[in-house]
Amino acid sequence: MLSIDVFTSDYKPIAATAPGWDARQRATWPASTATLVHGRREAALVDALITAEEARDLTEWIRATGKILTTVYVTHGHADHFLGLSVVLDAFPNAVAVALPEVVPLAEEQLSAPYLAYWESLFPGRLPQRHVSPRPLEGDVIDVDGHKLRPVRVGQSDTDPSTVVHVPDLDAVVGGDVAYNGIHMWLAQTDRTARDRWQRALDVVEDLRPHRLVAGHQPPGAAETDAAGVIAASRRYLSDFDAAVRAGDSAADVIRTMTAAHGERGNPYTLYVSATSQYPADAS
């Protein structure tokens, strides 16, 4: 019998912001999840957060379960999902950190000096001192007490390549950044073509017919058992953003339109960066 438990790290203030952001408004990084799939004895963790403090809290949370952590799986190469790996692996030295082979190069790129400087500018003095990249997963499943967790390639999410983890025994998907639940979607590295591919990634998740969907970014206490609703809301956000960019003349236009349609979502700084990325002159 498998179970899923979700550790959610709340919104985090960031120290550096994109040009033009109103400094009177606090900028934050979105709430993020790390998901433990566990059986009677063993456990696998999906994603490992970013700051040293939250990774330490995560390890204490895992230790309290009494389970043997065997694997940490990284869904995609954005550092906010795996810089905490070294802290987790120091606490559980027999565990291995893995990702699908095509994800590993992007993760390694995030550990280069320019990228680490960017992340340090957001979280000065808060990142782990040691950096670890996942190694390629051998085979196509992760075993937890004889139960199979299946990484699934989806292609584009807020980066490409991206993956999710299907847990067939529980009709569940741990979704990385493919679907967002209640938080503005990170579209800063996408254009219309990429967002079309993202819609096809949501097709892949939908075809798995999950009952439960854990998003990589969701607020504490978010409902996870309306998977179809989370997928539909993510689709609608992508479509509305495309329409706003086509209709608008500036990032401010897009922000107004998206706030009117999706103002209940958390982390407006994400929307600001996503909108300004579509109009580079606005940020100059």
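Our subject is the structure listed above.
Per-chain numbering applies: the sequence of each chain, read as written, is numbered from 1 onward. For a predicted model such as this one, the threshold for reporting local features is a pLDDT of at least 70, and the threshold for listing and counting side-chain atom pairs is 80 or more; totals across whole chains, interfaces and linings nevertheless cover every residue. Working from all heavy atoms in the structure, the side-chain values ignore hydrogens and water.

**Description of the overall build of the protein**
Logical step 1: Numbering of helices and strands starts at the N terminus; helices are DSSP runs of H or I of at least 4 residues and strands are runs of E of at least 2. Within the protein, the secondary structure is distributed over 8 helices and 13 strands.
Logical step 2: Radius of gyration here is computed from C-alpha atoms only, and the compact-globule reference equals 2.2 Å multiplied by the residue count raised to the power 0.38. The C-alpha radius of gyration computed for the protein amounts to 18 Å, which stays within 12% of the reference 19 Å derived for 284 residues, consistent with globular compactness.
Logical step 3: Over its C-alpha atoms, taken along the principal directions, the protein stretches across nearly 55 × 40 × 30 Å.
Logical step 4: Looking at the 284 residues of the protein, the share that counts as buried comes to 56%.
Logical step 5: Residues are treated as being in contact if the distance between any of their heavy atoms lies within 4.5 Å. When contacts within the protein are restricted to residue pairs at least 6 apart in sequence, long-range pairs at least 24 apart make up 74% of them.
Logical step 6: Working definition of accessibility: Shrake-Rupley area with a 1.4 Å probe, residue cover restricted to the visible protein chains. Element-wise, carbon and sulfur atoms account for 50% of the exposed surface of the protein, whose accessible area totals about 11,800 Å².
Logical step 7: The charged-residue count follows a simple rule in which Lys and Arg add positive charge and Asp and Glu add negative charge, with His and chain termini not counted at all. For the purpose of locating charges, the reference atoms are NZ of Lys, CZ of Arg, CG of Asp and CD of Glu. Taken together, the 25 basic and 37 acidic charged side chains of the protein have centroids lying 2 Å from each other. Three exposure classes are used, based on accessible area relative to the maximum for each residue type with a 1.4 Å probe and protein chains only: buried under 20%, partly exposed in between, and exposed over 50%.

**A few points about helix α7 (residues 251-262)**
Logical step 1: A helix is expected to span 1.5 Å multiplied by its residue count minus one. Between its first and last C-alpha, α7 extends 16 Å over 12 residues, near the 16 Å set by a 1.5 Å rise per residue.
Logical step 2: Within α7, burial applies to Ala 251, Val 254, Met 258 and His 262. Within α7, the buried residues cover an arc of 60 degrees as seen down the axis, which keeps them to one side. In α7, the exposed positions angled more than 90 degrees off the buried face are occupied by Arg 256 and Ala 260.
Logical step 3: Contacts from the buried residues of α7 go to α6 (227-247) and α8 (268-277). Throughout, the arc means that of the directions going from the helix axis to the C-beta atoms.

**Brief notes about the nonpolar core**
Logical step 1: Formed by 72 residues in total, the largest nonpolar core has its most connected members in Leu 45, Leu 69 and Val 72.
Logical step 2: Here this core takes 8 residues from α6, the largest share from any one element.
Logical step 3: Once residues lying within four places of it in the same chain are set aside, the contact partners of Leu 69 are Leu 36, Ala 43, Ala 44, Leu 45, Ile 62, Val 88, Phe 92 and Ala 95.
Logical step 4: Listed in part, the 17 residues of the second largest apolar core include Val 46, Leu 137, Val 144 and Leu 149. Nonpolar core, defined: a set of buried Ala, Val, Leu, Ile, Met, Phe, Trp, Tyr and Cys residues in which side-chain atoms within 4.5 Å join the residues together.

**Brief notes about the sheet that holds strand β1 (residues 3-9)**
Logical step 1: An order of β1-β4-β5-β6-β7-β8 is seen for the 6 strands of this open sheet, with the pairing classed as mixed. Looking at strand neighbours, the two that pair on one side only are β1 and β8 (135-136), the edges of this open sheet.
Logical step 2: Paired strands, in this sense, are two strands between which DSSP finds at least two bridges. By the bridge criterion, 2 bridges tie strand β7 (residues 96-99) to β8 in an arrangement that is parallel. Across the sheet, Val 98 pairs through a bridge with Arg 135, a residue of β8.
Logical step 3: An axis is simply a line fitted to the C-alpha atoms; with a helix, the fit covers only the stretch in contact. Between two such axes, the angle follows the N-to-C directions and lies from 0 to 180 degrees. Each of β1, β4 (32-38), β5 (42-46) and β6 (68-73) is contacted by helix α1 (residues 52-65), which is oriented at about 155 degrees to β1, the strand it contacts most.

These values are about where atoms sit, not about what they do.
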